[in-house]
Structures are given as C-alpha cells and as structure tokens.
Amino acid sequence: IFSHDVWDEDLNYLVRSIDFTEVMQIFYPFSLQTHTHTFPGESKKDCPRDAKIHSARREMLCTNAAWPDIHGHYREAQFTQTKHHWWWKANQVFHNLQATKNFQGTILFLEEDHYASEDFLHVLSLMITEKKKSSSKIDILCLGTYLRKFNFQSNSKQPGRSRIKTRGRERSRLSRSLKELQNEEKHSHSLVHVRHLLWVPEILSSVLDLFNKDLYLWPGGPRYSKLQKAEVTEWISSKHNMGMAFTRKEWNTIVSCSSSFCKYDDYNWDWSLQHVSHNCMKDKLQVMMVKGPRVFHIGECGVHHKKSNCDSDAVIEKLKSILNTAKKYFFPKSLSVLKSNPRKKPKLKKANGGGGDKRDHWLCMNFTLSRL
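None of these values were measured; they are calculated from a predicted model. Along each chain, residues carry numbers from 1 onward, in the same order as the chain's sequence is written. Totals for whole chains, interfaces and linings use all residues, but because this is a predicted model, local features are given only for residues with pLDDT of at least 70 and pairs of side-chain atoms are given and counted only at 80 or more. To get the side-chain values, take all heavy atoms of the structure and skip hydrogens and water.

Participant: Describe the packing of helix 3 (residues 77-96) against helix 6 (residues 248-255), naming the residues involved and giving the relevant values.
Facilitator: One can describe the packing of helix 3 onto helix 6 by two numbers: an axis separation of 11 Å at closest approach and a directional angle of 130 degrees. Between helix 3 and helix 6, the angle is such that the two are oblique. As helix 3 packs across helix 6, the resulting crossing turns out to be left-handed. Across the interface between the two elements, W87, A90, N91, F94 and H95 from helix 3 touch R248, W251, N252, I254 and V255 from helix 6. Looking at the contact of helix 3 with helix 6, its residues break down into 6 nonpolar, 3 polar and 1 charged. In this analysis, axes come from line fits to C-alpha atoms, helices being fitted only over the stretch in contact, and the angle between any two N-to-C directions falls in the range 0 to 180 degrees. Helix numbers and strand numbers start at the N terminus; a helix is a DSSP run of H or I with at least 4 residues, a strand a run of E with at least 2. For classification, angles of less than 35 degrees are called roughly parallel, those exceeding 145 degrees roughly antiparallel, those between 65 and 115 degrees roughly perpendicular, and all remaining angles oblique. Crossings are classed by handedness, with left-handed meaning an anticlockwise turn of the near helix from the far one by less than a right angle and right-handed meaning a clockwise turn. Two residues qualify as a contact provided that any one of their heavy atoms is within 4.5 Å of a heavy atom in the partner residue. Nonpolar residues are Ala, Val, Leu, Ile, Met, Phe, Trp, Tyr, Cys and Pro. Charged residues are Asp, Glu, Lys and Arg, and all others, Gly as well, are polar.

Have a look at this one:
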C-alpha cells in the first residue's frame, strides 16, 4: 500500500507499473496540495510563525492567535502535515481499507527514503516467529537502526525551527540536532556531526561488524558465528523509528491513546508516539531490533535535512556496495534474541513544538473518531 500526500502522475504511474505483487495507492485527503490556502494549509488569516503572541491577539486578530506552540511559535503547515499523514494512513490501514481492515498479521511501515535489503521480509518473518515464542513483552519489530558511532542520532534533542532564505523569501526549517558523540580514544572529546549515511570506508567496516560480529553469551562460553542477532529493549523514537512493524493488537493500544498522541505539541509522529509510550500506556513500548539492519535511510534531503548536494543515485550505489559485501550474512536460518536493559533510563525530551494549534488536534482526533 502506497500512501501519498501529493498527487503526482509520474509517481502514480511508477506504482501502477509494479507487476510482482498486488498494490494499492491511497491519497491523504487533506494535503497542502489540495488545501493550499485553507486549513490544514496556511490561509491569510493564520498567524505568521514568528508573530508575537500579544500582537497576534490584540492587533492581527489572526485565527490561531490563542494557540502558539510550546516555544511561542505558530503552526507551519508543511511540518504539521507529516504527523497528520502518518496518523491518517495508520488509521486507514487498520480500520478502513477493505483489503486490510480484518488483517490480523504484522504490518511493516516504510518511508520513501528507506532502502531495504533483499532479505528484509525473510528477517521480518524470523522476528515475528521469535516474538510469538518470547516470554518478554514485545510491541514493535524494528528492521533499521542508526549507527551512533558515525553520527546517527541517538536520544538527541531537536532544536527549534530556524529561518532560511529561499529565492529571496524566508521560510522555516526544522532540523534535528545531533547528540555530541564521545570519542572512544583514550583522550576523548565531543564531536558534533551532521547525520550522514554509510558512505566512507571505515563506516563500511562498522556496518559489516553488525552482521558478522560473534556473539559470546559469557566470557569463554558459547560462541555464535553468522547467526543473526536481535535485542529486545525499550522503544526509543530516535533509534527505532525506521522499518517499524506491529500488529492490530499493538495498534489498538496506541490508538486508545489518540488524545495523548494528537495533542502532544510536537510535529514529529515518532516523538509523539514516544510521549504516548511514557505518559499514556501502562507499560512502555518494547521493541525487538535486528542488530544487522535490513532497512537503511537514504534521504540526505527532506524535512530534517537540507543539503545543496543531494544525489540519491550516488547514495544508493554506495549502499548497494555495502549490501553486496555483507550478502553472505543474508537470509540467516535463525535469530539469537537477547534482552537488553538500557544503562541509563531514557528521558523524554522537551517537545519540539509545531503542534500547539487546536485545529490540528481536532483534525488528528477526527481521523480516528470518524474513521475517514
């Protein structure tokens, strides 16, 4: 199922050309493309992002003057749409689509800038089997992860929305900040990186290590080689939001916290889900994460990444080279699953904002209440 937030005939044709499986396309009905000058797009009566609250209420008299976000900014439609679209499509898949509304199996969520290895469905099947056998609580299966050693975000705080110029006009940008990573050398020092992908030789070695590093259950004990490893731990949005899979059972738990999700003042669906896990659910979400990732992020440009040298083809070619080298570790016969307890208790960071407007809360809630 391909869920679009834009109508593009070239994209539609590309999806229709798929002939190795049945496909379906669904279209988010409240996109900026169809609501250019009215909510949930931006209308002339909406408050500018940086309007002062006092001025917005007393002088501008704009529609959403009473609803700035936690940082004192007003909504920006291009960012609120991301969360709305994710919530809408999940509701569609689990509740409305004839092909899936009675499906009781596992549903995998991939995004347009994700690249999957050739054995990703095989590994997902192994994870599903292990989940059924496990005595541990497992809510989400995760096929992808970020490599912290090479600047992938891990429990990092996101900054506020900044301003950049585009063709003489100012517009907003959200960019996820990156945690200062500790150098593992004897005299360590903090480094701040931009989130790049796996494209230098030393990173290639790191990726391969994830596939072939031997597992010791205890010093001098059994040693497992070429056995794919996975761990069960607490779900953290910045680590486990790529290649997520879960069933209707877990979705029903999530959707029972609709109000908590929809009203959380954050434009990110994953940070909102983290808030739900910590503040609405009886027990926090738990994830099984495969240690050798089968889903990779190839998006050097997008909502959180703005670069002038965006070359998706070059990124994909480099990734193909990595996967080709790791190919001998693909299609493992089984998984070795270990329970991992975080050294530090994960803390919920302050919301990033962008979700303070009550109209967004109502729209989000309506996706669930009305089953649009």
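Participant: So what's going on with the state of the cysteines? Which residues, and what values?
Facilitator: Two cysteine sulfurs form a disulfide in these notes if their separation is within 2.5 Å. On inspection of all chains with the given rule, the structure shows 3 disulfides. Paired by a disulfide, C47 and C62 hold their sulfur atoms 2.0 Å apart. Judged by the torsion about the S-S bond (95 degrees), the C47/C62 disulfide is right-handed. Residue C47 is found in the loop between strand 2 (25-27) and helix 2 (53-60), and its partner C62 is found in the loop between helix 2 and helix 3; the two are separated by 15 residues along the sequence. The rule is simple: take the accessible area with a 1.4 Å probe, protein chains only, and divide by the maximum for that residue type; under 20% is buried, over 50% is exposed, in between is partly exposed. You can call C62 buried: its relative accessible area is 10%. Here C262 is linked by a disulfide to C364, with a sulfur-sulfur distance of 2.1 Å. The sign of the -70 degrees torsion about the S-S bond sets the C262-C364 disulfide as left-handed. Taken together, the positions of C262 in helix 7 (residues 258-263) and C364 in helix 10 (residues 358-369) put the pair 102 residues apart, joining distant regions of the chain.

Participant: Now, about the pattern of salt bridges: what can you tell me, with residues and values included?
Facilitator: We define a salt bridge as a contact between a side-chain nitrogen of Lys or Arg and a carboxyl oxygen of Asp or Glu at a distance within 4 Å. Applying the stated rule across the entire model yields 13 salt bridges. K327 is paired through a salt bridge with E118; the nearest N and O atoms lie 3.9 Å apart. Of this pair, K327 sits in the loop between helix 9 (312-325) and strand 16 (335-339) while E118 is found in the loop between strand 4 (114-116) and helix 4 (120-133), placing the two residues 209 residues apart along the sequence. Of the residues examined, K327 reaches a relative accessible area of 41% and is grouped as partly exposed. Look at the salt bridges and you will find they share partners, linking D46, D357 and R359 into a network.

Participant: I'd love a proper account of the environment of F27, names of residues and values included.
Facilitator: Counting through the fold element by element, F27 comes out in strand 2. For F27, a relative accessible area of 28% puts it in the partly exposed group. For the pair F27 and W7, spaced 20 residues apart in the sequence, the C-alpha separation amounts to 7.6 Å. Apart from the residues lying within four places of it in its own chain, the contact partners of F27 are H4, V6, W7, N12 and W88.

Participant: Lay out the pairing of strand 14 (residues 286-290) in plain terms, naming residues and giving numbers.
Facilitator: Buried residues dominate strand 14, accounting for 5 of its 5 residues. Covered by surrounding structure in strand 14 are Q286, M288 and V290 together with V287 and M289, the residues of both alternating faces. Sheet topology places strand 5 (residues 140-142) next to strand 14; 3 bridges connect them, and they run parallel. Directly across from I140, in strand 14, lies its bridge partner V287. The pairing criterion is simple: DSSP has to find at least two bridges between the two strands. With 5 bridges joining them, strand 12 (residues 228-234) and strand 14 adopt antiparallel strand pairing. Bridge pairing in strand 14 places A230 opposite V290.

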